Amino acid sequence: MWYVSTRGIAPRVNFEGALFSGYAPDGGLFMPEELPQLDRETLCQWSTLSYPDLVKELCALFIGSELIPKDDLNDLIDRAFSRFRLKEVVRLSRLKNGLNVLELWHGVTYAFKDLSLSCTAQFLQYFLEKREKHVTVVVGTSGDTGSAAIESVQGAKNVDIIVLLPKGHCTKIQELQMTTVLKENVHVFGVEGNSDELDEPIKTVFADVAFVKKHNLMSLNSINWSRVLVQTAHHFFAYFQCTPSLDTHPLPLVEVVVPTGAAGNLAAGYIAQKIGLPIRLVVAVNRNDIIHRTVQQGDFSLSKAVKSTLASAMDIQVPYNMERVFWLLSGSDSQVTRALMEQFERTQSVNLPKELHSKLSEVVTSESVSDEAITQTMGRCWDENQYLLCPHSAVAVNYHYQQMDRQQPSTPRCCLAPASAAKFPEAVLAAGLTPETPAEIVALEHKETRCTPMQRGDNWTLMLQDTIEDLSRRWRGHALNASQ
């Protein structure tokens, strides 16, 4: 299985190459050169699999046993999920009025990113140990990615991780989940800026190809193909849990409602659809509505500023995984994709070509949800089910309630729930409800923290480069000592 850049200039790589690079050297994102096609028989066989077993089957399709033999792959995935609070890893809650909520948040940090990052980190360590190499992972976070990335690699001997978090823009719990991990290989910076601003120094550092190569830098944001790959499993599991039967021809449709910011789960869903899963995708965003405007009007352009919302992990202006979606919609046309994305990078505004826009609106429905609708949805779900939704999950469930209230004859529907309400007590209070906080989250309050400030007026890029150089020196010292 080979991977090519959505922009068509970078040479193709195997899974290991895609895993270690994040962005392709030409600025594009890696995608499988060819997508496998699953037949009805395979889908029927997979329908009884557990979530971890689905992840194993999907990863085996896209990784290739010459890189990671099947037995090794299965062990890595079992190890990845070993710290989850549920043996079955994810769970579907069937609630009143046809509401199905797929809980993707039973990992260490109570967010869906634990699923893909724990697997990605196992793949990384597998290759690093084999090649006796070290990497420095650099992550910018709007809240959940940072803590999930830290948990997935903390204590690993071949990996250092640097996380930039937007001071005051994450919830207190999200911040504490990052700053209380005092392992030697974890380095957290608190940036005086929002998540788009802290991406700038990271982008600058990654644009210096020689520097990246010299220090073995990589990113674990959802630009990383491995994360999108694991996330395709959410859609398969949602389908098999919610489909009324597998005996009809053609197979019945299930609608999957995807709350998103950077569009990683959307790209994963569209890939699942392209390889043969009969799902209809609905993308749900908060007031940062670039994806909604793109689907509705073909208007892929930045608004003036990021709006702060209750669904803070989705307060993102630049949904970089849309590039993967555009590439797939255009029939893997890297010239079209490159022209679109280069124009977007230059002017921050693109009108999709008519044909591309009509294809997009055929495969995806969208909605944008206000804070008021988020709190109303959280309140209604609690009143009807005594079930607490996090604000991001509420963005998805809001769509379900709208369809129900219109009494639309409905296909079965599954709403993805990316995080636990326990992480967002502020939003739960805003909805007039009582937060329920697990003991291990309460305990964070009393732990020692470590976080280096990046203040306005500091040279953030330079601080980042210095930290990376320092870690490289340290690793070289360790490696030297070990070999003597």
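One can find the structure itself at the top, above this paragraph.
Please read all numbers here as calculations on a predicted model, not as lab measurements.

Asker: For the sheet that holds strand 7 (residues 186–191), give the residues involved together with the corresponding values.
Answerer: Strands in a sheet are paired, the pairing made by backbone hydrogen bonds, and the direction either parallel or antiparallel. The sheet built from five strands is open, its strands ordered 8-5-6-7-15 with parallel pairing. Each edge of the open sheet carries a strand with a single partner, namely strand 8 (217–219) and strand 15 (452–454). Neighbour-to-neighbour, the strand axes of this sheet turn through a mean angle of 25°, independent of strand direction. Both strand 5 (residues 135–140) and strand 8 contribute to a ladder of three bridges, which runs parallel.

Asker: Explain helix 14 (residues 334–347) to me, and be specific about the residues and the numbers.
Answerer: The terminal C-alpha atoms of helix 14, which comprises 14 residues, lie 20 Å apart, in line with the 20 Å expected from a rise of 1.5 Å per residue. Restricting attention to buried positions, one finds in helix 14 the residues Ser334, Thr337, Leu340, Met341 and Phe344. Along helix 14, the residues classed as buried sweep out an arc of 130° about the axis, all on the same side. Opposite its buried face, helix 14 presents the exposed residues Gln335 and Arg346, each directed more than 90 degrees away. Looking at the buried positions of helix 14, the neighbouring elements they touch are strand 1 (3–5), helix 12 (290–297), strand 11 (299–301), helix 13 (322–329), strand 12 (349–351) and helix 15 (354–363). Positive backbone phi, at 60°, marks glutamine 348, one or two positions downstream of helix 14.

Asker: I'd like a rundown of the nonpolar core, residues and numbers included.
Answerer: With 113 residues, the main nonpolar core has Phe15, Tyr51, Phe81, Phe123, Trp225 and Phe236 as its most contacted residues. Top element by residues in this core is helix 10 (residues 225–242). It accounts for eleven residues. Formed by 34 residues, the second largest nonpolar core is a distinct cluster that contains Leu99, Val101, Val282 and Cys415.

Asker: Outline the environment of proline 166, supporting the account with residue identities and numerical values.
Answerer: By the element assignment, proline 166 lies in strand 6 (residues 159–166). In this structure proline 166 comes out as buried when scored by relative accessible area, which is 1%. If near-sequence neighbours (up to four positions away) are discounted, proline 166 is found in contact with Thr141, Ser142, Val191, Gly193, Asn194, Ser195 and Leu198.

Asker: Can you break down the pairing of strand 7 residue by residue, with the values?
Answerer: Taken across its six residues, strand 7 has six buried, putting it largely inside the fold. On strand 7, burial covers both faces: Val186, Val188 and Gly190 on one face and His187, Phe189 and Val191 on the other are all buried. Sheet analysis places strand 6 next to strand 7, joined by six bridges and oriented parallel. Paired with valine 163 across the bridge in strand 7 is valine 188. After leaving strand 6, the chain enters helix 7 (residues 172–179) and then returns to the sheet as strand 7, a path that is right-handed. Sheet topology note: the strand 7/strand 15 ladder contains three bridges and is parallel. From the neighbouring strand, valine 191 faces strand 15, where its bridge partner is methionine 454.

Asker: With reference to specific residues and values, describe the pairing of strand 13 (residues 364–368).
Answerer: Among the five residues in strand 13, four count as buried, and that is most of the element. By the bridge criterion, five bridges tie strand 10 (residues 279–285) to strand 13 in an arrangement that is parallel. Following the sheet pairing, leucine 281 is matched in strand 13 by valine 364.

Asker: Please provide a residue-by-residue account of the packing of helix 13 against helix 15, values included.
Answerer: Interhelical geometry of helix 13 versus helix 15 gives an angle of 105° and a closest axis separation of 10 Å. Regarding the angle of helix 13 to helix 15, the classification is roughly perpendicular. Of the residues in helix 15, those in contact with Met322, Val325, Phe326 and Leu329 of helix 13 are Leu356, Lys359, Leu360 and Val363. Class assignment for the residues of the contact of helix 13 with helix 15 results in seven nonpolar, no polar and one charged.

What counts, and at which threshold
Residues numbered from 1 in each chain as written. Predicted model: local features only at pLDDT ≥ 70, side-chain atom pairs only at ≥ 80, totals over all residues. Heavy atoms only, no water. Pairing = 2+ DSSP bridges. Helix = DSSP H or I, 4+ residues; strand = E, 2+ residues; numbered from the N terminus. Axes fitted to C-alpha atoms, helices over the stretch in contact; angles between N-to-C directions. Expected span 1.5 Å × (residues − 1). Buried < 20%, exposed > 50% of the residue type's maximum accessible area, 1.4 Å probe, protein only. Arc of directions from axis to C-beta. Contact = heavy atoms within 4.5 Å. Core = buried A, V, L, I, M, F, W, Y, C linked by side-chain atoms within 4.5 Å. Right-handed = clockwise from strand over helix to strand, strands pointing away. Parallel < 35°, antiparallel > 145°, perpendicular 65-115°, else oblique. Nonpolar A, V, L, I, M, F, W, Y, C, P; charged D, E, K, R; others polar.

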